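# Structural overview for review
Each chain, written out:
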Amino acid sequence: MSVLVVVECADGEVKKSSLEVASYGAQVAAQLGTTATAIAVGEANEANLAKLGEQGITKVLFDAEPRLKDFVNNAYTKLIATAAEQEQAKIIVLANSNIGAAVGSRLSVRLKASLATNVVELPKTDGGQFTVKRGAFSGKAFSEVVLSGDRKIIAVKKNSTEAKHDAGKTAEVTGFAAQLSDADFADAPTQVVMQDQAGGVLLPEAELVVSGGRGMKGPENWHLIEDLDKALGAATACSKPESDVDWRPHHEHVGQTGITISPNLYIACGISGAIQHLAGVNSSKVIVVINKDPEAPFFKAADYGIVGDVFDVLPKLTAAVKALN
Amino acid sequence: MKFLVCISNVPDTTTKIAFTPDNKEFNKAGVQFVINPWDEYALTRAIELKEAAGSGTVTVLNVGEADTEPNIRKALAIGADDAIRVNAAPQDAYFVAEQIAAVAKEGAYDVILMGKESIDYNGFQVHGMVGEMLGIPTVAPAMKLDMSGNTATLEREIEGGKEIVTVNTPFVASCQQPMCEPRIPNMRGIMTARTKPLKVVPAVGEPARTTVAEYALPPKKQGVKLIDAENAGELIKLLRNEAKVI
Ligand SMILES: Cc1cc2nc3c(=O)[nH]c(=O)nc-3n(C[C@H](O)[C@H](O)[C@H](O)COP(=O)(O)OP(=O)(O)OC[C@H]3O[C@@H](n4cnc5c(N)ncnc54)[C@H](O)[C@@H]3O)c2cc1C
Ligand SMILES: Nc1ncnc2c1ncn2[C@@H]1O[C@H](COP(=O)(O)O)[C@@H](O)[C@H]1O
């Protein structure tokens, strides 16, 4: 028996969320007295895969099939299912990403496994039960879920667990061939279009996020947000109205009907703090609110606040960050 | 083209979440239930595609008990032709997926549309499971869906970009913005919805594979620390030295 960890790579690098997943999987393996093996997907680089030893991974399986570079749901599912059989994995851990969740749900049917997505903590394994804590009700609550199947699949929420770094440790990288056929690639994308990320930081993976709402008045003022983003190395987000009127792209919209994020720091600028907005951000570790209205509901959910005009406060913050660095 | 749109019945987005005293169940008292917001994209897009083709049917499906019928009727008022309710409490994603797969097989639907995720369970699971159970592709989450004959072209959101995916029917897709502008019922729709067929069928399949042992609310915040706007730079020092996040 072992724990199988699915590691997503892009441009040769292991994604940050996958480092968290690798570390999570290694800790689950330790809990159960076994080892954690990883299977790499995406555009991987062997040297970087070997470094997964730092997160506690013993062995990394890598299928060099070039068509696996882009996400193909069927092919990825078959690849991981084959690896799970070979490794006799009882537990599969993946990121709660668009790839991880899509593959995880197919795998759960194929492998007859219990699946939990959006998981935020290590499992509890006492009393003969396997229980995980997961986010529910759009960030407004958590549920403790018992996974009763013999096999279990866990999709770990991004930035909710820390990736351990045991410097210098390496994992053994071994070739792996899932014997994929053309039919497995029938649902391959015909085209992949990547966006320009402001400052190069992807919102779903970001540790620091600066977000703007209607208080920013218009897209022409967004440079104030972006300047602070650049100084901090943060990603940009917005409330729903900005994406509804196309001031900002919809993938930046956070909240109940946008994306849910849990960065270490969320700075909300000119956002009132409607319950649907809070649902997407209230699991952020530290929340800063800048609003000229001292009665804005967001202050109730904040750790730090400034009652003031964003047009005055934002440049001061950017200058202070630059002074610090 | 036969469309099957799966709708879930969820607490309105403004709901303050609370649980029963033993924390075992969601407290429904005084809660307004709505069609899962993402599922409205699926429903509207199915109706638009049917209208554009000039033929076809849109069936809505819900796995739920009788209290979900007002929202099923609402979906009929928005423009679905008929509805099916699998009469069972939705135990977990696997159980729900089994019901949907059984209905989809029985009715030989061409296109099965769902929302990106349910805003109560937040599984992002049911669409993938249904695709696997039926042995057909799932495209999730889709931001755009166009059909030409039996071929669909979709834009699938990935972290940091999108993919263009082409699939033939039958397939499953989960929908999100900016796919369409969700419709609201008009007077005529509300009148006709009353007489549209709503079939109730029993549940099938194996039991659920997961159970909720307990719910919990997030810990309460300590209270906000205010920094004077004149001294905004002070905040940055606190974030580094006190909160240690930058
Ligand atoms: C079904 C449904 C789903 C929804 N989903 C989401 C969602 O996912 N995400 C989301 O964000 N919203 C969502 N909403 C919308 C939500 O209810 C709010 O309308 C929205 O979040 C408000 O955005 P805002 O705070 O930017 O704007 P407003 O509520 O207009 O607030 C603007 C704030 O800026 C402040 N301000 C103005 N000028 C300045 C200035 N110069 N300096 C400082 N502060 C200033 C004001 O005091 C005010 O507090 C949803 C709504 C519904 C009905
Ligand atoms: N009880 C249900 N009845 C019908 N469809 C459902 C039900 N629960 C979930 N779905 C569909 O599955 C999608 C994904 O749900 P989930 O996997 O729970 O996030 C939803 O957007 C719905 O389209």
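Residues numbered from 1 in each chain as written. Chains lettered and ligands numbered in written order. Predicted model: local features only at pLDDT ≥ 70, side-chain atom pairs only at ≥ 80, totals over all residues. Heavy atoms only, no water.

### Section: the UniProt feature "domain: Electron transfer flavoprotein alpha/beta-subunit N-terminal" (unreviewed entry) in chain B
The test is simple: UniProt positions are given in the numbering used here, feature names are shortened, and annotations may be inferred rather than shown by experiment. A run of DSSP states H or I qualifies as a helix once it reaches four residues; a run of E qualifies as a strand once it reaches two. Both are numbered from the N-terminal end.
Here, UniProt's "domain: Electron transfer flavoprotein alpha/beta-subunit N-terminal" (unreviewed entry) annotation points to residues 23–210 of chain B. Taken end to end, residues 23–210 of chain B is 31% helix and 31% strand, and its first and last C-alpha atoms sit 17 Å apart.

### Quick word on the packing of aromatic side chains
Inclusion rule: Whether two aromatic rings pair depends on their centres lying within 6.5 Å, for rings of Phe, Tyr and Trp, where Trp uses its six-membered ring; planes under 30 degrees apart make the pair stacked, over 60 edge-to-face, and the rest tilted. Placement of a positive charge over a ring is assigned whenever Lys NZ or Arg CZ falls within 6 Å of the ring centre and within 35 degrees of the normal to the ring plane.
Taken as a whole and assessed by the stated rule, the structure comprises nine aromatic pairs over all chains. Grouping aromatic residues by their ring pairs yields a cluster made of Phe-137 of chain A together with Phe-19, Phe-26, Phe-33 and Tyr-215 of chain B. When the ring centre of Phe-185 of chain A is taken as origin, the NZ or CZ atom of Arg-67 of chain A, which lies over that ring, is 4.2 Å away. When the ring centre of Tyr-121 of chain B is taken as reference, the NZ or CZ atom of Arg-134 of chain A above it lies at 4.4 Å.

### Description of the interface of chain A and chain B
Going by this rule: Throughout, a contact is declared for two residues whenever any of their heavy atoms are within 4.5 Å. We define buried area as the total accessible area lost by two parts upon association, computed with a 1.4 Å probe and summed across both. When a carboxyl oxygen of Asp or Glu lies within 4 Å of a side-chain nitrogen of Lys or Arg, that pair is called a salt bridge. Any pair of N or O atoms that falls within 3.5 Å is considered a polar contact. Within protein, one atom must be able to donate a hydrogen and the other to accept it, and sequence-neighbouring residues count only if both atoms are side-chain atoms. Residues were grouped as follows: Ala, Val, Leu, Ile, Met, Phe, Trp, Tyr, Cys and Pro as nonpolar; Asp, Glu, Lys and Arg as charged; and all remaining residues, including Gly, as polar. When DSSP finds two or more bridges between two strands, those strands count as paired.
Listed as interface residues are 82 residues of chain A and, on the opposing side, 72 residues of chain B. Surface buried jointly by chain A and chain B totals about 6600 Å² across both partners, of which 58% is contributed by carbon and sulfur atoms. For the pair chain A and chain B, the number of links is four salt bridges. In this structure, the salt-bridge partner of Glu-132 of chain B is Arg-106 of chain A, at a minimum N-O distance of 2.8 Å. At the junction of chain A with chain B, the criterion picks out 38 residue pairs in polar contact (both at pLDDT 80 or more). Sorting elements by how many residues they give to the side of chain A that touches chain B places helix α4 (residues 98–110) of chain A first, with nine residues. Its residues assigned to classes, the side of chain A that touches chain B comprises 40 nonpolar, 30 polar and 12 charged. Two strands pair when backbone bridges link them, and strand β7 (residues 141–147) of chain A and strand β12 (residues 210–216) of chain B are joined in this way by six bridges, in the antiparallel orientation. Across the sheet, Phe-142 of chain A pairs through a bridge with Ala-216 of chain B, a residue of β12 of chain B.

### Some words on the site of ligand 2
Residues and elements named next belong to chain B. Rules: Summary of the distance rule: residues count as near a molecule or strand when at least one heavy atom falls within 4 Å of that molecule or strand. Reported accessibility uses the Shrake-Rupley method at a 1.4 Å probe radius. Residues are deemed covered only where the shown protein chains occlude them.
Lining the immediate surroundings of ligand 2 are 21 residues, of which Cys-6, Asp-39, Ser-118, Phe-124 and Gln-125 lie closest. The separation between an oxygen atom of ligand 2 and a polar side-chain atom of Asp-39 is 2.5 Å. Protein contact buries 96% of the 480 Å² of open area that ligand 2 shows by itself. Every element with two or more residues in the shell around ligand 2 is listed here: β4 (57–64), α3 (93–107), β6 (111–115) and α4 (126–134). Partitioned by chemical class, the residues of the shell around ligand 2 number 10 nonpolar, nine polar and two charged.

### Looking at the pattern of salt bridges
When the charged atoms of two side chains with opposite charge come close together, those side chains can pair. Here is the rule we go by: Three exposure classes are used, based on accessible area relative to the maximum for each residue type with a 1.4 Å probe and protein chains only: buried under 20%, partly exposed in between, and exposed over 50%.
With the rule as written, the count across this model stands at 30 salt bridges over all chains. For Glu-8 of chain A, the salt bridge identified is with Lys-15 of chain A, shortest N-O distance 3.0 Å. Accessibility assignment for this pair places Glu-8 of chain A and Lys-15 of chain A in one class, buried. Glu-234 of chain B serves as the salt-bridge partner of Lys-237 of chain B, at 4.0 Å between the closest nitrogen and oxygen.

### Description of the environment of Val-212 of chain B
Here Val-212 of chain B is to be found in strand β12. Distance from Val-212 of chain B to Asp-92 of chain B, taken between C-alpha atoms, is 8.9 Å for residues 120 residues apart in sequence. Those residues in contact with Val-212 of chain B, other than ones at most four positions away along the chain, are Ser-143, Glu-144 and Val-145 of chain A.

### Description of the sheet that holds strand β15 (residues 304–307) of chain A
In a beta sheet, neighbouring strands pair by backbone hydrogen bonds and run either parallel or antiparallel. Put simply, the rule is: In this analysis, axes come from line fits to C-alpha atoms, helices being fitted only over the stretch in contact, and the angle between any two N-to-C directions falls in the range 0 to 180 degrees.
With parallel pairing, the six strands of this open sheet are ordered in space as β12(A)-β11(A)-β13(A)-β14(A)-β15(A)-β13(B). Because the sheet does not close on itself, it has two edges, and the strands there are β12 (235–238) of chain A together with β13 (225–226) of chain B. Across the sheet, helix α5 (residues 223–232) of chain A touches β11 (208–212), β12 and β13 (265–269) of chain A, and the angle it forms with β11 of chain A is around 175°. Across the face of the sheet, helix α6 (residues 233–241) of chain B comes into contact with β13, β14 (286–291) and β15 of chain A together with β13 of chain B while running at roughly 180° to β15 of chain A.

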